[in-house]
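# Summary of structural features
Residue strings, one per chain:
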Amino acid sequence: MFPFPCVIIAGGKSSRMGQDKSLLPFHGHATLTHYQASRLLPLFSSLHVSTKTDKFNGEFSLILDTEQESFSPMVALSSVLEHFTDTYVFCLSVDAPFVEKKHIEALWKAAQATHANALIPRDPHTRHPLCGLYHSSLAPLANTLACQGDHKLGILLERANAVYVEFDETAPFTNLNHPHEYEAAL
Ligand SMILES: Nc1nc2c(ncn2[C@@H]2O[C@H](COP(=O)(O)OP(=O)(O)OP(=O)(O)O)[C@@H](O)[C@H]2O)c(=O)[nH]1
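What counts, and at which threshold
- Residues numbered from 1 in each chain as written.
- Predicted model: local features only at pLDDT ≥ 70, side-chain atom pairs only at ≥ 80, totals over all residues.
- Heavy atoms only, no water.
- Buried < 20%, exposed > 50% of the residue type's maximum accessible area, 1.4 Å probe, protein only.
- Helix = DSSP H or I, 4+ residues; strand = E, 2+ residues; numbered from the N terminus.
- Pairing = 2+ DSSP bridges.
- Right-handed = clockwise from strand over helix to strand, strands pointing away.
- Near = heavy atom within 4 Å.
- Polar contact = N/O pair within 3.5 Å; in protein donor to acceptor, adjacent residues only side chain to side chain.
- Areas by Shrake-Rupley, 256 points an atom, 1.4 Å probe, with all protein chains shown as cover.
- 1 Å grid on protein atoms, 1.4 Å probe; cavity = no way out; pocket = protein on both sides within 12 Å on 5 of 7 lines; lining within 4 Å.
- Sits in = over half its atoms within 2 Å of the grid points.
- Nonpolar A, V, L, I, M, F, W, Y, C, P; charged D, E, K, R; others polar.
- UniProt positions renumbered as here; feature names shortened; annotations may be inferred.
- Contact = heavy atoms within 4.5 Å.
- Axes fitted to C-alpha atoms, helices over the stretch in contact; angles between N-to-C directions.

The next subject is the pairing of strand S2 (residues 47-51). Most of S2 is tucked away: 5 of the 5 residues are buried. Burial along S2 is two-sided: the residues Leu47, Val49 and Thr51 and His48 and Ser50 are all buried. Judged from the 4 bridges that link them, strand S1 (residues 6-9) and S2 form a sheet pairing that is parallel. Paired with isoleucine 9 across the bridge in S2 is serine 50. The handedness of the S1 to S2 crossover, carried by helix H1 (residues 32-40), is right-handed. Bridging between S2 and strand S3 (residues 62-64) involves 3 bridges; their strand directions are parallel. By the bridge assignment, serine 50 is partnered in S3 with isoleucine 63.

Dropping the structure here:
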């Protein structure tokens, strides 16, 4: 078991999907969120879901956004990191169902070797900040950026002591943003 919590980030607008993707059924589970929670729960010291409201009727331990007006992963991270003290937090986008234990193990290994405050996967094409191991000490920076309207996680990573962990494959980090990607994943 990893000695830190996992947070499934699930409070976005899903504008490209056209409906709330965190509530879409997935592989025999009531929702994609349930699918992610059931496979990740056994791996972590605790599991939480980051949203704007309790759309799961009390089923998960929620970390609600303090900022309700604007939507962005920075808004989510700001409340998530503030929730914890002196720990790494594995943050995964709800729409990334192909990330496996071995990928998280690689991030944790890099954290132990470098003591960086953000460990982010990078494949040959791009980096994946919504599958990252973040230290709770980044909360004030995330909060400042969210309040300033700086919503790109790249800005946080530039200012943090971030380390990129290299992976050969792109597929595990795929996000389901559009209906055709969801259909293909089913
Ligand atoms: N808690 C929380 N999560 C968010 C917020 N904005 C986005 N997310 C989540 O962050 C992840 C990536 O979000 P985006 O790709 O920016 O947005 P999205 O809602 O997934 O989809 P689009 O509206 O199509 O861009 C998704 O898992 C979202 O659910 C927010 O304001 N609060």
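Now for the site of the ligand. Around the ligand sit 22 residues, and of these Ile9, Ser15, Lys21, Ser50 and Asp65 come closest. Glycine 12 has a polar backbone atom sitting 2.9 Å from an oxygen atom of the ligand. At a separation of 2.6 Å, a nitrogen atom of the ligand approaches a polar side-chain atom of aspartate 65. Here the ligand loses 87% of its free accessible area of 610 Å² to cover by the protein chains. When atom positions are compared with the pocket grids, the ligand is found to occupy the largest pocket. In terms of residue class, the shell around the ligand is made up of 8 nonpolar, 9 polar and 5 charged.

Turning our eyes to something else, we now look at the pairing of strand S6 (residues 131-135). The buried fraction of S6 amounts to 5 of the 5 residues, a majority that puts the element mostly inside the structure. Burial along S6 is two-sided: Cys131, Leu133 and His135 facing one way and Gly132 and Tyr134 facing the other are all buried. Direction of pairing for strand S4 (residues 88-93) relative to S6: antiparallel, over a ladder of 5 bridges. Residue valine 89 lies in a different strand from S6, and its bridge partner there is tyrosine 134. Examined bridge by bridge, strand S5 (residues 118-122) and S6 share 2 bridges and lie antiparallel to one another. Bridging from a neighbouring strand, leucine 119 pairs with leucine 133 of S6.

Now for the UniProt feature "binding site: Mg(2+)" (unreviewed entry) in the protein chain. According to UniProt, the positions carrying the feature "binding site: Mg(2+)" (unreviewed entry) are Asp95. Relative to the elements of secondary structure, aspartate 95 occurs in the loop between S4 and helix H3 (101-114). Apart from the residues within four sequence positions on either side, aspartate 95 is in contact with Lys21, Leu32, Thr174, Asn175, Leu176 and Asn177. Only 2.8 Å separates the side chain of aspartate 95 from the side chain of lysine 21, close enough to count as a polar contact.

Another aspect to go through is the sheet that holds strand S7 (residues 162-166). Spatially, 7 strands are ordered S3-S2-S1-S4-S6-S5-S7 in an open sheet, and the strand pairing comes out mixed. Where the open sheet ends on each side, the last strands, each with one partner, are S3 and S7. Strand-to-strand twist in this sheet, taken as the mean axis angle between neighbours without regard to direction, amounts to 25°. Packing against the sheet, H3 makes contact with S4, S5, S6 and S7, and its axis sits at approximately 135° to S5.

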